[in-house]
Amino acid sequence: MVAAEADFDIEFVEYPSALAVTQAIRDGTADMLAGVGRQVLEGHPVAFAGPVAETPFLLFVRGDAPQETTFATFDGTRIGAVRNTAASLIPPPEGVEMVVFDDQISAFAKLLNGDVDGVIALSPLGMRTLRKTGLDSLIRPSFPAIRSLLGYVALRQEHADLLPDIEQAIERLEANRALPELRRKWFMVPAVPIPDVLTVGVTQFPPYSLIAEDGSFSGFAVEVIRELADRANIALKFEAISQESWAQGPRLDAFDLLPARSATETEAEFLQFTNPIQTIDYLTFVRAEDAGQPLTPATRRVGILASSPQRAGIARTLGTELIPVADTEEAVTMLGDGNLDAVIFPRRAFEDFVTQAGKEGQFARLSEPAFQNDLSIALRPGLGDLRERLNVVIQGFIGSGQYRDLATKWLEKPQFWTPARVTLLLYAIGVLMALAALGMFIQNWRARKASDRLRSIAEASNSRLAAVLSSTSQAVFGFGGDGSLAIANPSGRRLLGLDPEEPARWPEAAAFIDPGTGDTCRLAENDGPTSDRATRIHGQACLFRSDPADPPRYVRVTSDTVRAPESGLASIMIVEDDHVNEMNRQKLDRSMRLSSLGMLTGGLAHDFNNVLGSILFNAEMGQMGEADRAPEILGRIIAAVDAGRNLTERLLAFSRDTPQDPRPVNVGRSFQKLAVLANSAITEAISLDLPTVDTDFFIFCDVGELENAMLNLIINARDALQGSGVGDRITVRVRTYDSDQMTESAHGLRNTLEISVSDNGPGMSAVVKRHATDPFYTTKKDGGGSGLGLSMVAGFVDRASGDLSIYSEPGQGTTVRLRLPQVNAEGAQKPAVKEAVSHGSGQQILLVEDQIELREPLVAILMRLGYEVEDVDTGVEAIARLESGETFDLVLSDIVMPGGVSGGDLAQDIAARFPGLPIILMSGHANIDMSELRSLDVPVLQKPAPVVEIARAIADVLASCGSEGSGRPKGAV
């Protein structure tokens with residue numbers, strides 16, 4: 001829109017993620033990006049125009065979080081955000097840890113699992129993700145917004161001459177309302193809390209919605225939504241809207257719901273839809289004289305309602321353009337005048353209008369083409385919880401007599417009395433009057449009999465209900481309007497420690513306890529089970545004890561309001577003892593974790609023992625005086641250290657879950673690295689066949705995602721074999737082919753690389769295979785799996801523009817195939833070339849390392865490189881040496897050290913008090929928080945680092961500061 005208004009051409013390029021788009025702007029492979037925040041591109045050669053949008057950041061919390069939760073009052077311990085986005089730059093509340101994730105789905109999954117207590121995200125992106133994943137009824141936004149993000153048009157500096165034209169184009173688009181309309185279309189407007197009374201937009205669309213002259217609203221869909229809202233306890237108000245506003249759909253600045261709307265694929269991306277409330281038949285109508293002629297859409301003029309959501313779909317089906325008409329009256333007029341050859345319209349709407357206009361004989365309907373479309377209640381984004389409430393009552397209402405009465409009233413043609421029927425009615429009235437006296441007698445007799453029968457039925461029902469309440473193991477409680485305990489069944493009395501004959505009362509010491517925190521458990525919005533503000537709860541897990549001296553037990557709580565005032569009850573609560581099941585589940589969970597950890601650590605211990613054995617044997621050969629073989633012995637020791645270092649790097653990368661940029665990946669080398677971890681995860685009872693892959697095969701993806709996907713598939717196969725006791729072999733195969741010659745590829749990829757992981761295990765049923773890639777779907781019992789393994793693999797394949805298929809039959813094993821497009825090796829990492837070791841010229845280095853077995857050889861190495869070295873073993877001693885006035889050109893320090901001063905603390909202190917003194921940090925730990933170190937621009941080496949890396953890092957840092965480091969404090973003379 002901006003480019004067209006500013007009169008210059010642009011070309012759109014698709015990237016796999018938002019992070020990839022911003023990276024493309026940073027490195028210059030893209031020239032222009034709209035709707036981006038300034039802070040994301042700070043420090044890069046980018047100019048900005050605008051802003052063009054303002055979008056709020058919201059704190060998303062679980063649906064069971066207190067309603068008063070806001071960012072300012074947040075009392076959790078961890079907040080999540082997507083890595084390298086503006087949301088991740090928002091400082092969390094004091095004492096709250098910020099946790100970053102690769103994407104929003106992962107962040108919301110961790111929120112549901114309780115790994116984080118909130119997620120910060122842009123309002124439209126977060127709401128859309130929740131809607132697409134179906135999590136919008138489990139996760140909700142809190143208000144007010146944390147802050148707003150101004151979105152700008154970002155332009156590379158090379159094209160800065162276009163900025164004046166772009167600024168003027170934006171001003172014109174704001175003035176002519178084109179840009180505000182675009183923001184409304186794509187829901188780039190601030191989210192607001194759900195109002196107490198929701199607005200329903202109504203337009204003239206008989207018989208589904210009608211607006212009378214007095215402003216009242218009626219129609220089939222209007223009366224249905226009134227009844228559903230009453231059953232779901234939702235307050236509504238109705239407002240007349242135009243056809244144009246109806247076509248735009250529910251939105252924040254207009255109205256909240258539409259009583260009936262077709263759900264297209266495009267609208268389902270942005271709107272909420274309930275389960276269908278009615279099915280519409282779209283039929284083809286022609287003039288009566290054309291009724292016997294075949295309809296050829298390609299050569300005939302066919303009209304359709306302009307606002308129909310099915311317009312595009314029907315046009316695609318017929319393979320021709322349809323002519324839009326404003327309303328039913330225009331359709332009937334154009335068809336009758338010969339300006340249209342046919343119209344495709346909802347059957348009832350067209351036939352009712354023709355009947356009212358007295359034109360029944362002028363038109364005919366064809367048996368085909370015919371279309372059907374489901375009508376649903378449409379809701380604006382952010383109303384996922386209300387959608388679920390409506391879906392619950394829709395299920396029962398659709399089959400009720402009240403629904404059938406509404407359908408008969410509005411959707412079936414009315415029956416009119418004919419003269420013959422009027423005459424028959426008069427005769428019937430006479431007969432009825434003659435029988436009135438007899439009827440009254442019979443009525444009284446039958447009423448007495450019915451009363452006795454109903455009394456017997458009620459007594460039997462009460463007896464059956466009392467028997468059920470007495471025999472059930474679940475505790476059932478009923479509470480009065482004042483919150484007092486009114487009834488309790490025998491199981492409930494035992495749970496509360498009450499005598500069978502004692503009046504029902506809720507003990508003051510009884511408490512529901514949060515299993516995670518040990519605090520009193522807040523049941524939904526209630527302060528406790530006796531609250532008069534009863535709220536629906538379903539299966540909430542808590543610990544319960546009736547007396548502080550009793551040990552608590554795991555229970556599950558379900559409650560709801562009672563909508564029968566004559567019962568004297570306001571709410572009912574059911575408490576189920578789940579203690580044994582929960583304890584067994586916890587034991588099984590611990591057992592499975594320890595088992596998996598044991599298999600992995602056993603394999604890794606084997607690999608590390610091999611490394612240590614190689615070092616030991618070669619070192620002992622050196623001690624035996626094999627001087628003439630010293631280079632050979634030392635080379636083997638260095639090779640063993642490199643092997644251990646490579647294994648450690650793979651483990652650290654796996655533990656950090658650190659993403660890498662997508663690039664051409666050498667599949668052969670990646671499989672060589674994968675073999676180290678995969679063989680460690682497989683027991684000796686299972687054979688793993690990993691092929692040797694040609695190193696000329698490349699695919700464009702994230703190397704970490706490829707290796708994690710392969711490890712997931714291998715571990716899934718292992719678990720299937722171990723869990724069933726069937727099969728003992730896992731086979732990995734790699735092949736390439738031209739997909740133009742293969743019919744199974746869904747993407748038409750050329751030069752395709754296929755990776756298959758097969759096992760000879762139990763296989764999958766059709767149901768399991770159909771849901772295998774669904775998020776959180778798992779067949780592992782009692783919480784043995786997250787259900788995200790194959791879902792993550794499918795996500796990786798999708799991001800790599802590939803195709804995933806599963807072949808499996810019960811008893812025949814399973815094969816998972818990944819088809820990925822091959823790329824050439826341009827841009828792939830080339831083999832490392834041995835470089836010369838950089839030497840110093842007497843510069844002073846302060847070495848800080850607490851491990852003497854590392855410190856002493858490192859001192860010797862640095863001195864051999866030409867540096868003067870002073871060494872200390874703590875950060876405290878290093879600061880003391882600097883404060884004493886000693887001068888150094890550089891500080892080389894470990895990060896994790898005893899004494900209370902870490903390497904990070906030392907770097908901060910040097911930056912503040914000795915600004916001219918450079919520092920290099922080293923660490924072998926994976927859980928180092930790098931955010932503060934990045935702000936200080938401090939290089940970090942991964943231990944063990946080769947001499948060439950240490951030498952290069954020292955030389956680069958000294959060169960950047962002119963080899964003139966100073967260890968004097970600020971202000972020293």
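Residues numbered from 1 in each chain as written. Predicted model: local features only at pLDDT ≥ 70, side-chain atom pairs only at ≥ 80, totals over all residues. Heavy atoms only, no water.

S.K.: So what's going on with the sheet that holds strand S30 (residues 814-821)? Which residues, and what values?
M.R.: Strand order in the open sheet formed by five strands is S25-S27-S28-S30-S29, and the pairing between neighbours is mixed. Each end of this open sheet is capped by a strand with a single partner; those strands are strand S25 (687-689) and strand S29 (803-808). In this sheet, neighbouring strand axes are inclined to one another by 15° on average, regardless of whether the strands run parallel or antiparallel. Where S25 and strand S27 (residues 729-737) come together, three bridges link them in parallel fashion. In the sheet register, Leu688 faces S27, and the bridge partner there is Ile730. (Pairing = 2+ DSSP bridges. Helix = DSSP H or I, 4+ residues; strand = E, 2+ residues; numbered from the N terminus. Axes fitted to C-alpha atoms, helices over the stretch in contact; angles between N-to-C directions.)

S.K.: Break down a nonpolar patch on the surface for me, with residues and values.
M.R.: Together, Val431, Leu435, Leu438, Phe441 and Ile442 make up a nonpolar patch on the protein surface, roughly 480 Å² of accessible area in all. Looking at the secondary structure, you find Val431 in helix H15 (residues 419-434). Classification of Val431 as partly exposed rests on a relative accessible area of 47%. (Patch = residues over 30% accessible without salt bridge, like charges linked within 9 Å, V, L, I, M, F, W, Y side chains within 5 Å. Areas by Shrake-Rupley, 256 points an atom, 1.4 Å probe, with all protein chains shown as cover. Salt bridge = Lys/Arg side-chain N within 4 Å of Asp/Glu carboxyl O. Buried < 20%, exposed > 50% of the residue type's maximum accessible area, 1.4 Å probe, protein only.)

S.K.: Describe the packing of helix H3 (residues 104-113) against helix H4 (residues 123-133), listing the residues and the values that go with them.
M.R.: Running from amino to carboxyl end, H3 crosses H4 at an angle of 75°, the nearest separation of the two axes being 10 Å. The orientation of H3 relative to H4 falls into the category roughly perpendicular. Only Leu125, Gly126, Thr129, Leu130 and Thr133 of H4 make contact with H3, whose side of the interface consists of Gln104, Ile105 and Phe108. Along the lines of polarity and charge, the residues of the contact of H3 with H4 split into four nonpolar, four polar and no charged. (Parallel < 35°, antiparallel > 145°, perpendicular 65-115°, else oblique. Contact = heavy atoms within 4.5 Å. Nonpolar A, V, L, I, M, F, W, Y, C, P; charged D, E, K, R; others polar.)

S.K.: Talk me through the UniProt feature "transmembrane region" (unreviewed entry) in the protein; I want residue IDs and the actual numbers.
M.R.: As annotated by UniProt and renumbered to match this structure, "transmembrane region" (unreviewed entry) occupies residues 424-445. In residues 424-445, the share of helix is 95% and the share of strand is 0%. The end C-alpha atoms are 30 Å apart. (UniProt positions renumbered as here; feature names shortened; annotations may be inferred.)

S.K.: Tell me about the pattern of salt bridges, and name the residues and values.
M.R.: All chains considered together, the criterion is met by 34 salt bridges. Notably, a salt bridge pairs Arg735 with Glu754, separated by 2.8 Å at the nearest N-O pair. Taken together, the positions of Arg735 in strand S27 and Glu754 in strand S28 (residues 752-759) put the pair 19 residues apart, joining distant regions of the chain. The closest approach of N and O atoms between Arg881 and Glu870, which form a salt bridge, is 3.0 Å. Here the residue Arg881 occupies a position in helix H25 (residues 875-883), and Glu870 occupies one in strand S32 (residues 868-872), the gap between them amounting to eleven residues. Residue classification places Glu870 among the partly exposed residues on the basis of a relative accessible area of 33%. Each of Arg287, Glu289, Asp290, Arg300, Arg301 and Asp341 takes part in salt bridges that share partners, so that together they form one network.

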